[in-house]
Amino acid sequence: MVTNLHKLGTAREDSIWIVGAARSGKTARLVEQFCIWSKTVKPLPATVSGFRGSGRRRAGQTAPAILVLAANGDNRLELADRIAVATQGKYTFHSTTPFGFFEQEVLLFWPLLVQSLDLRAQFPLRLQPETELELAARLWRRELDEGILQQTGVSPNRMVRRTLDLLQLAAVSGTPREEIPSILEQGLAGEGGSNHLWSSTGELLERWREWCLTRGLLTYGIVCELYWRYLLQDGTYQQHLASRYQAVIADDIDDYPAICRHLFDRMLDQGAAGAFSYNPDGGVRLGLGADTEYLAGLESRCQSVEKLDAKTGLAPEIGDLAVSLAVNAEGFYPLGLSLPGSVRSLQTTSRAQLLRETAEIIADAVKSQAVEPQEIAVIAPGMDAIARYSLTEILARDNIAAVSLNDQRPLSTTPEIRALLTLLALVYPGLGRLVDRDGAAEMLVVLGSQKHRSLETEDSNPTFSLKSQIQNQKSIDQVRAGLIADHCFCPDIDRPQLLPITAFPRWDRLGHRAAGAYEQIVEWIEQQRSQQQERLLPSPIALLDRAIQKFLMNDRYLPYDRLAALRELMETATHYWEIHGRMQRVEPTNGGDSETIARFIQLLRQGTVTANPFPVSPEGPAARAVTLANIFQYRSSRRAHKWHFWLDAGSPLWLSGGAATLFGAPLFLRSQLGRPWQTEDETAADQQRLRRILLDLLSRCSVLYLCHSELAVNGQEQTGPMMPLIHSSVAYQRSSVVAR
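Let me sum up the structure you'll find in this document.

About the criteria used
- The residue count restarts for each chain, going from 1 along the sequence in the order it is written.
- Reporting of local features is limited, given that this is a predicted model, to residues whose pLDDT is at least 70; pairs of side-chain atoms are given and counted only at 80 or more, and all residues count toward the totals for whole chains, interfaces and linings.
- To get the side-chain values, take all heavy atoms of the structure and skip hydrogens and water.
- Any Lys or Arg side-chain nitrogen located within 4 Å of an Asp or Glu carboxyl oxygen qualifies as a salt bridge.
- Only protein chains enter the calculation, and the probe is 1.4 Å; a residue is then buried if its accessible area is under 20% of its type maximum, exposed if over 50%, and partly exposed in between.
- What counts as a helix is a DSSP run of H or I of at least four residues, what counts as a strand is a run of E of at least two, and both are numbered from the N terminus.
- For a helix, the expected span equals 1.5 Å multiplied by the number of residues minus one.
- Note that the arc is computed from the directions linking the helix axis to the C-beta atoms.
- Contacts between residues were defined by any pair of non-hydrogen atoms, one from each residue, lying within 4.5 Å.
- Any pair of nitrogen or oxygen atoms within 3.5 Å is treated as a polar contact; in protein, a donor-acceptor pairing is required on top of that, and neighbouring residues in sequence qualify only through side-chain atoms on both sides.
- Following DSSP output, two strands are said to pair if at least two bridges run between them.
- Here an axis means a line fitted to C-alpha atoms, over the contact stretch when the element is a helix, while the angle between two N-to-C directions is reported on a 0 to 180 degree scale.

Looking now at the pattern of salt bridges. Applying the stated criterion across every chain yields a total of 40 salt bridges. Note that arginine 142 is salt-bridged to glutamate 143, the shortest N-O span being 3.0 Å. Judged by its relative accessible area of 6%, glutamate 143 is buried. Here glutamate 526 and arginine 529 are joined by a salt bridge, their closest N and O atoms 3.9 Å apart. In this pair, glutamate 526 and arginine 529 are both assigned in helix 22 (residues 512-533), three residues apart and thus about one turn of the helix distant. Judged by relative accessible area, which is 34%, glutamate 526 ranks as partly exposed. For arginine 529, a relative accessible area of 7% translates into the label buried. The structure contains a network of salt bridges with shared partners spanning Arg177, Glu178, Glu206, Arg209, Glu225 and Arg229.

Structure representation (structure tokens):
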């Protein structure tokens, strides 16, 4: 086992350790410390900001001397904004996330890695998770087909993802990849696989890593390994790191991977000052790469320790009691124990009834002006599609918007995305097997919409805003689209096409508007086909962009979530063809665009969840909306709402926190290395996770509804760990009714 990279140095007098619960003021204290340091820490000349002048700054410019880190992209934007406001934008700083920093440093100092690892001199490209999965599955196809990479009850795609995650877990924990097989053998002895599987896993990961580096492709795991194992130990890099940053500010380090400790120790050893905030009840990403306990050891490097005792929300009032009931009750709770009136209960028999009544309570509260929509959050262990759709539709009847927080649904669940994929198959040759009658009909419905003015609204109330007067209307509805597809869609393996509207004998019954919209779609597709044959269509990305501008964005209003899906599609497609271009230069193939497009369409239709686009805050109606989120998403965002509705409060999924732990994740915690993972360890980890969830969420609300249905979606009775909490709340409500 390789020893830790960091030195056990002494505590620095100018470094600060800030510890406190959620919303206790830790971030505000970091912003205050930044303002203090900004008066003494002077920006550095741009010439020392990068390797061999790669800072790309003009003469006379300065480079930021303070590194500011946040746990994720959304938190980074918020922290950067708060610092900019506090300093009136007069001081430059480098704001990023831990992985963002690792990636930037690997790219910036790539020449050092090329030299030390004898790599091919080419600019590296980072693989998105979905592309990484596809390429690894192709590389390991023989092992998958022969059953070498196989576990009982695990699908091939899931097996590939698990294997890739092991490389990532080893990298972020600072564990050499060569030790992965032995760690799995020791930690999973007799469970989930054989020693032959684990040794094969190590060999496949070695082949995958070598395959990527040869082609200049980087994954999350490879980036982290290159940084902590090679770059951070390089003397030249250490000199540049020391000369670039005089201070580091890191918020919520309880969510950082172990190798961040290596970075911070190195910076402190080289003379930089540090300010770190830590939430002992945080650890949202524990099980997904974070090592909360290991990062807590950084406290010993700070001379000044500030404990913020302020507690917010319901946590001071019922936090300890809720933990005692849910975590320590073990199925028993004191009779007659009741929670305060700020904790209310909603109990139904079926989940459908629960969703309906939850939405009705929210609507009544908004209409009575007891609370604003943006002050309400509905949180569940798993916000499934049924719950999301039901709540959104019921609230919409009362003109209340609902927005899903970081919705992790596959792109193929969005109608506009499916329509665009069908359009690709109609324009490019050889893709006839990927389009059918139903897909063509849906495309006609989506692309055949147009915007119109509601004259009745305009005449009756001219003070209405233009947006309220304009509505989306479908020129081709589902019935007409089905009739057109039955008579005008001509399937073909090489060139499927849409025939003229006159191919339908009774086309005159469709109506002028539907017929006109259909002819417009057909004419546009033929134009794109002609340009594709004449090589005037630059790429499939250009076709997607043209279609979006023509049919989806031209004089039409799209909701925020649909716009986000389109951004996600374009970013995913751009990345996919960028990687394809790199592969063609390294390993040219005879396959044309059609083969690549077919793989892209199949990738999205398989339900692959693509990487989130760059975070952008919603505006307009979406900014005044009820928030729908699962536990993990909500805690990661670190938001707070006046009212909380904990959906499916009786579900056993509260133990897992709504986020699946990566396979083998506990084995790569620094405190766990070399030890087997026992059932007792898993039980203790679940209880600690539930404790953190309760204290964290209770700190973020002042009114709580525990929403529980006796039966889950599958019809089984729900008996989760929160039942004592629910029963205590019910007891209060019954007594209050009797008192009245």
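Before going further, it helps to spend a moment on helix 15 (residues 351-367). Its 17 residues place the ends of helix 15 24 Å apart at the C-alpha level, agreeing with the 24 Å of an ideal helix rising 1.5 Å per residue. Among the residues making up helix 15, those that are buried are Arg351, Leu354, Leu355, Thr358, Ala359, Ile362, Ala363, Ala365 and Val366. Projected down its long axis, helix 15 shows its buried positions confined to an angular sector of 165°, all on one face. Exposed side chains of helix 15 directed beyond 90 degrees from the buried face belong to Ala352 and Lys367. Buried residues along helix 15 sit against strand 11 (343-348), strand 12 (376-380), helix 16 (385-396), strand 18 (625-630), strand 19 (643-646) and strand 20 (703-709). For helix 15, the N-terminal cap is serine 350; the gap from its side-chain oxygen to the backbone nitrogen of glutamine 353 is 3.2 Å. Just downstream of helix 15, glutamine 369 is the residue with a positive phi angle, here 60°.

Taken in spatial order, the six strands line up as 11-20-19-12-18-13 in an open sheet, and their pairing is parallel. Across the chains shown, the open sheet's two edge strands, defined by having one partner strand only, are strand 11 and strand 13 (401-404). Between one strand and the next, the sheet's axes are offset by a mean angle of 20°, whatever the strand orientation. Where strand 12 lies against strand 19, four bridges are found, and the strand directions are parallel. Residue pairing for strand 19: valine 378 is matched across the bridge by phenylalanine 645. Where helix 16 meets the sheet, it contacts strand 12, strand 13 and strand 18, and its direction lies at approximately 170° from that of strand 18.

What follows is about unusual backbone geometry. Phi at arginine 23 is positive, roughly 60°, even though this residue is not glycine. Note on placement: arginine 23 falls in the loop between strand 1 (12-20) and helix 1 (26-38). The backbone phi angle of aspartate 118 is positive, close to 55°, even though this residue is not glycine. Inspection of the secondary structure assignment puts aspartate 118 in the loop between helix 4 (110-117) and strand 6 (125-126). Residue classification places aspartate 118 among the exposed positions, given a relative accessible area of 69%.

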